[in-house]
Amino acid sequence: QVQVVESGGGMVQAGGSLRLSCEVSGGTFTSQRIGWYRQAPGQARELVAVISVPGTINYADSVKGRFTISRDTANAKNTVNLQMNSLKPEDTAVYYCNAELRTWPGPPRNYWGQGTQVTVSS
């Protein structure tokens, strides 16, 4: 059974840093697209950063140069990290990890984490 488990988040002052982690487990996948989304109160959920395996990395324009997404496979784990630097109050939101996973020849399947709160105070 696939699990998507997030950790990290919390409260920080503007200019500070936080690190989010998303561990994906429960299968062997022929392709993966794992991303971080965020949703602020009253706003739609938006893509923050995404990494494809194999493939590319993409960022929202609002976080380019401040956030870094990376994948860690040490110790047989499959973890995607989001390092967030120079945080701004407008980064405040619930951050969700999304994993689009495929085990060939089946179709891609979508999984969401439970969400983690990030609050940036001014």
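Since the structure is predicted, the reported quantities are computational estimates derived from the model, not experimental observations.

Engineer: What's the story with the state of the cysteines in this structure? I'm lost.
Structural biologist: Per the stated rule, a full pass over the model turns up one disulfide. One disulfide in the model links Cys-22 with Cys-97; its S-S distance is 2.0 Å. Disulfide Cys-22 to Cys-97: torsion about the S-S bond roughly -80 degrees, handedness left-handed. Placement of the pair is Cys-22 in strand β3 (residues 18-25) and Cys-97 in strand β9 (residues 93-102), with a sequence separation of 75 residues. Accessibility expressed as a relative area gives 0% for Cys-22, which makes it buried.

Engineer: What is the right way to read the environment of Ile-69 from this model?
Structural biologist: Considering the arrangement of structural elements, one finds Ile-69 in strand β7 (residues 67-72). Overall, Ile-69 belongs to the buried group, its relative accessible area being 3%. Between the alpha carbons of Ile-69 and Asn-58 there is a distance of 8.7 Å; along the sequence they are 11 residues apart. Discounting chain neighbours no more than four positions away, the residues touching Ile-69 are Ile-34, Trp-36, Ala-49, Val-50, Ile-51, Ile-57, Tyr-59, Val-80, Asn-81 and Leu-82.

Engineer: Help me out: how do you make sense of the pairing of β3 in this one?
Structural biologist: Consecutive residues of a regular strand have side chains that alternate between opposite faces of the sheet. Here strand β1 (residues 3-8) pairs with β3 via six bridges, running antiparallel. Each bridged residue has a counterpart across the sheet, and for Glu-6 the counterpart in β3 is Cys-22. Where β3 lies against strand β8 (residues 79-84), six bridges are found, and the strand directions are antiparallel. Across the sheet, Leu-18 pairs through a bridge with Met-84, a residue of β8.

Engineer: In this structure, what is going on with the packing of aromatic side chains? I would like to understand it.
Structural biologist: The description of two aromatic rings rests on the distance between their centres and on the angle between their planes. According to the stated counting rule, one finds two aromatic pairs in the structure shown. For the ring pair Tyr-37 and Trp-112, a centre distance of 5.2 Å and an interplane angle of 65 degrees mean the geometry is edge-to-face. With Tyr-37 in strand β4 (residues 31-39) and Trp-112 in strand β10 (residues 109-112), this residue pair connects regions lying 75 residues apart in the sequence. On the numbers, 6.4 Å between centres and 85 degrees between planes, the contact of Tyr-96 with Trp-112 is edge-to-face. Placement of the pair is Tyr-96 in strand β9 and Trp-112 in strand β10, with a sequence separation of 16 residues. Taking relative accessible area as the criterion, Tyr-96 reaches 16% and is therefore assigned buried. Taken together through their ring pairs, the aromatic side chains of Tyr-37, Tyr-96 and Trp-112 make up a single cluster. Over the aromatic face of Tyr-96 sits the side chain of Arg-45, whose NZ or CZ is 3.7 Å from the ring centroid.

What counts, and at which threshold
- Residues numbered from 1 in each chain as written.
- Predicted model: local features only at pLDDT ≥ 70, side-chain atom pairs only at ≥ 80, totals over all residues.
- Heavy atoms only, no water.
- Disulfide = S-S within 2.5 Å.
- Helix = DSSP H or I, 4+ residues; strand = E, 2+ residues; numbered from the N terminus.
- Buried < 20%, exposed > 50% of the residue type's maximum accessible area, 1.4 Å probe, protein only.
- Contact = heavy atoms within 4.5 Å.
- Pairing = 2+ DSSP bridges.
- Phe/Tyr/Trp six-rings, centres within 6.5 Å; stacked < 30°, edge-to-face > 60°.
- Lys NZ or Arg CZ within 6 Å of the ring centre and 35° of its normal.

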